[in-house]
Amino acid sequence: MIEGRIKQAIIESLHSLSIEVDDVHLEFPTDISFGDVSTNIAMVLSQKTGKNPRDLAEELESEINNIKPEEVEKIEVAGPGFINFFYTRKFFTDLLKDINADSKNFGRSDHREGEKVIIEYTDPNPFKEFHIGHLMPNVIGESLSRLTEFSGARVKRASYQGDVGMHVAKAVWGMTQDDGNFPAESDSLKSKIEFLGNAYAFGSRAYEESEEARAAIVRINKEIYEKSNEEINNLYETGRRWSLEDFERIYDLLGTKFDLYFFESEVAEKGKEVVLSGLDQGVFSESDGAIVFKGEDHGLHTRVFVNSEGLPTYEAKELALAKEKHERYPYDSSVVVTGNEINEYFKVLLVAMEKIFPELAKKTRHISHNILRLPEGKMSSRKGNIISGEDLVMKAVNRSIEKMKEEYSEETREEIARDVGVAAIKYTILKQAIGKEVTFDMEQSLSFEGDSGPYLQYSTVRARSVIEKACSEGIEPSFENAPESIYPLERLLKRFPDVVLRAEKENAPHYVVTYLIEIAGEFNAFYAQEKIADPNDEYSPYKLALTKGFIAAMENGLYILGIRVPEKM
């Protein structure tokens, strides 16, 4: 690549000045008028050489000019010692040819080709609503999956769901207390999910307020594990089935399709066996009838892996899950996306995993996110004052319908509004670094101007309409007659593959978001200033090819973010 040859030219030029370095850092100037790529190597080396950084930069520029790659038109020294490189017209014309020839692969790389990666995310619990907190890992995990695929790796999307445990027992107990409202099989899925949500909330309150209810729920929890009570088991299987059907419907709305599903009920006993084996090896210890891992020995905290009733905890199940994942998909890398409230839990888990499954621990990485808030604050499912993830999405969809042009049919309006509403939420979640708290403001997120997902969709749809208009005018994209000056939009297009690569390596989709906002703004300025589809403009065919290049970057970038682009807006 051109940047590699520029680095080599800098290293050789430094050698000519009797300065030896192993590598040189290049970066994109914030202001594209300062070049296509830049280095601050002169400032880095000024103290070592005892030279003024500006003077050293000018000496270096003179040397580089003698051996610079042919794609570099000129080199300039700026400020206190930056060295800026500008590429030739031919370089950008050739780049645009390549993008137009294979637009679907623009931005892809093969540096992880052949690698097998499993990414676990979303992890909703049956018997509880898919709440707004599940939107965070779903949106982040899907984007990380797509980034990883863009690197050439083979990715399996996985969801691990808590279909056993106290939350299930509370919901099942609540189901037994509300026979009169129990849905019939012919009732809507929505009514069934509402029933489960009410049962869980009722059971949670009763568990805290009534000793009798608490004892019954504890008993039900054990019966579910043991499958020892036919009536309880039937309620459990029914509620579980309803929940899983509802999750699939929501995944379809969000644009996620999982390859692998794992359940706590499937790994519970396996996890207990792993812990008992580890107890014999001295990895775990007995404490008050439970089996624990002494995290204090590793600067962490102690956690229970099998409780005093002989039931495996989340920790034990996670150990079995890691093995189960590898058996079903022998991965080279395993990524787990969760909320940051379990960061300390996961630290202990990974240390325990190092003792039990050292090879799997090496391959496992935990990525945590912060919470998603509404302007009025955080919601809690424990108290029943919950807003579901679907409720939030549908509020955004319905608000989008209100903004829609009336000439569209009702079906078209609903389809566009669905894509716009989901885009508004996904953009809000992904626009800043993973780990930061996110507040979803409805009106701001649905704006068609500036910092929003709908703005990116609208910019792409606008560009597509330009192509359609040009076709109706008989104008075809061409690279034969490029203007002498280079459009800023061309310079930004060059950066897309590098942005995607950085986002993938750093697990940081927000780099893609920032880039798309910048290039969308540049296209809209280009659209306002230039006649793109004008039969009387000699440069229209080239500007049309540039517009297609812009569409390629936007469509691929939005795909990485999990955002669909409507046909019209």
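Up top you'll find the structure we're talking about.
The structure presented is a predicted model; accordingly, all values stated were derived computationally and were not measured.

Criteria and cut-off values
Residues numbered from 1 in each chain as written. Predicted model: local features only at pLDDT ≥ 70, side-chain atom pairs only at ≥ 80, totals over all residues. Heavy atoms only, no water. Helix = DSSP H or I, 4+ residues; strand = E, 2+ residues; numbered from the N terminus. Areas by Shrake-Rupley, 256 points an atom, 1.4 Å probe, with all protein chains shown as cover. Lys, Arg positive; Asp, Glu negative; His and termini not counted. Charge placed at Lys NZ, Arg CZ, Asp CG, Glu CD. Pairing = 2+ DSSP bridges. Axes fitted to C-alpha atoms, helices over the stretch in contact; angles between N-to-C directions. 1 Å grid on protein atoms, 1.4 Å probe; cavity = no way out; pocket = protein on both sides within 12 Å on 5 of 7 lines; lining within 4 Å. Points joined across faces, edges and corners; volume = space filled by probe spheres on them. Nonpolar A, V, L, I, M, F, W, Y, C, P; charged D, E, K, R; others polar. Salt bridge = Lys/Arg side-chain N within 4 Å of Asp/Glu carboxyl O. Buried < 20%, exposed > 50% of the residue type's maximum accessible area, 1.4 Å probe, protein only. Right-handed = clockwise from strand over helix to strand, strands pointing away. Core = buried A, V, L, I, M, F, W, Y, C linked by side-chain atoms within 4.5 Å. Contact = heavy atoms within 4.5 Å. Expected span 1.5 Å × (residues − 1).

Participant: I would appreciate a short explanation of the overall build of the protein chain in the present structure.
Facilitator: The number of helices and strands found in the protein chain is 20 helices and 13 strands. By its C-alpha atoms, the protein chain is 85 × 65 × 40 Å across when sized along the principal axes. Of the roughly 25600 Å² that the protein chain leaves accessible, carbon and sulfur atoms contribute 45%. Computing the positive centroid from 70 side-chain charges and the negative centroid from 100, the protein chain places the two 1 Å apart.

Participant: Sorry if this is basic, but what is going on with the sheet that holds strand β2 (residues 72-78) here?
Facilitator: Through backbone hydrogen bonds, the strands of a sheet pair up, either in parallel or in antiparallel fashion. The sheet built from 3 strands is open, its strands ordered β1-β3-β2 with antiparallel pairing. A single partner strand is all that each edge strand has here, and the edge strands are β1 (37-39) and β2. Averaged over all pairs of adjacent strands, the angle between their axes in this sheet comes to 20°, without regard to strand direction.

Participant: How do you make sense of the sheet that holds strand β8 (residues 290-293) when you look at a structure like this?
Facilitator: Strand order across the open sheet formed by 3 strands is β7-β8-β9, with antiparallel pairing between neighbours. Strands with a single pairing partner mark the edges of an open sheet, and in this sheet they are β7 (285-287) and β9 (303-306). Neighbouring strand axes in the sheet, compared pairwise and without regard to direction, differ in orientation by 50° on average. Sheet analysis places β7 next to β8, joined by 3 bridges and oriented antiparallel. When the bridges of β8 are listed, E286 appears paired with I291.

Participant: Could you clarify how one ought to interpret empty space enclosed by the protein in this entry?
Facilitator: Vacant regions in the atomic arrangement are exposed by a probe of water-molecule size rolled over the atoms. Enumeration according to the criterion identifies 4 cavities of 30 Å³ or more in this entry. Around the largest cavity, the lining residues are E120, E318, L321, A322, K325, Y331, S334, V336, F346, L349, M353 and T364. Of all the elements in the fold, those that place two or more residues in the lining of the largest cavity are α11 (314-328), β10 (333-339) and α12 (343-356). In terms of residue count, α11 provides more of the lining of the largest cavity than any other element does, 4 residues in total. Grouping the amino acids of the lining of the largest cavity by side-chain chemistry returns 7 nonpolar, 2 polar and 3 charged. Taken as a whole, the second largest cavity holds about 50 Å³ of empty space. Taken together, the elements giving at least two residues each to the lining of the second largest cavity come down to α7 (189-209) and α9 (230-254). A per-element tally of the lining of the second largest cavity places α9 first, with 3 residues.

Participant: I keep staring at the pattern of salt bridges and nothing clicks. Help me out?
Facilitator: One side chain can pair with another of opposite charge once the charged atoms of both are near each other. Under the criterion given, the structure shown has 38 salt bridges. Put simply, E530 and K543 hold a salt bridge, and the shortest N to O gap is 3.1 Å. Of the two residues, E530 sits in the loop between α19 (510-529) and α20 (540-560) while K543 sits in helix α20, which places them 13 residues apart along the sequence. Judged by its relative accessible area of 25%, E530 is partly exposed.

Participant: I'm lost on the pairing of β10 in this one. Help?
Facilitator: On any regular strand, side chains alternate: one points to one face of the sheet, the next to the other face. With 7 of its 7 residues buried, β10 lies for the most part within the structure. Across 6 bridges, the pairing between β10 and strand β11 (residues 364-369) is parallel. By the bridge assignment for β11, S334 is matched with T364.

Participant: What is the right way to look at the pairing of strand β5 (residues 154-161) in this model?
Facilitator: The buried count for β5 comes to 6 of 8 residues, which makes it a mostly enclosed element. Across 5 bridges, strand β4 (residues 116-120) lies against β5 in parallel orientation. Bridge pairing in β5 places I118 opposite K156. Between β4 and its parallel partner β5, the chain crosses via helix α5 (residues 132-150), and the hand of that crossover is right-handed. As paired strands, β5 and strand β6 (residues 260-263) are joined by 4 bridges and run parallel to one another. Each bridged residue has a counterpart across the sheet, and for S159 the counterpart in β6 is Y261.

Participant: Quick question: what am I supposed to make of the nonpolar core here?
Facilitator: The nonpolar side chains of soluble globular proteins are, as a tendency, buried together. Ranked by internal contacts, the top residues of the largest apolar core, which has 124 residues, are I10 and L135. A total of 11 residues in this core trace back to one element, the largest contributor, which is α20. Among residues more than four places away in sequence, those in contact with L135 are F130, L254, L372, G389, L392, V393, I425 and I429.

Participant: Honestly, the side chain of Q161 in this entry has me stumped. Any pointers?
Facilitator: Mapping Q161 onto the fold places it in strand β5. Not counting chain neighbours up to four residues away, the residues in contact with Q161 comprise P124, N125, P126, L244, F247, Y251, Y261, F262, F263 and E264.

Participant: Hey, could you run me through the layout of surface pockets in this one?
Facilitator: For the second largest pocket, the calculated volume is near 750 Å³. Lining the second largest pocket are 20 residues, and of these E27, F28, D498, V499 and R502 sit closest to its centre. Where the lining of the second largest pocket is concerned, the elements lending two or more residues are α1 (2-16), α18 (488-505) and α19. With 6 residues, α18 is the single largest residue contributor to the lining of the second largest pocket.

Participant: Please clarify how α1 should be interpreted in this entry.
Facilitator: One turn of an α-helix holds 3.6 residues; hence residues three or four places apart share an orientation. The end-to-end C-alpha distance of α1, which contains 15 residues, comes to 21 Å, matching closely the 21 Å that a straight helix rising 1.5 Å per residue would cover. Every buried residue of α1 is accounted for by I2, E3, I6, A9, I10, I11, S13 and L14. Downstream of α1 by one or two residues, S18 has phi in the positive range, about 65°.

Function cannot be read off these values alone, since they describe shape.
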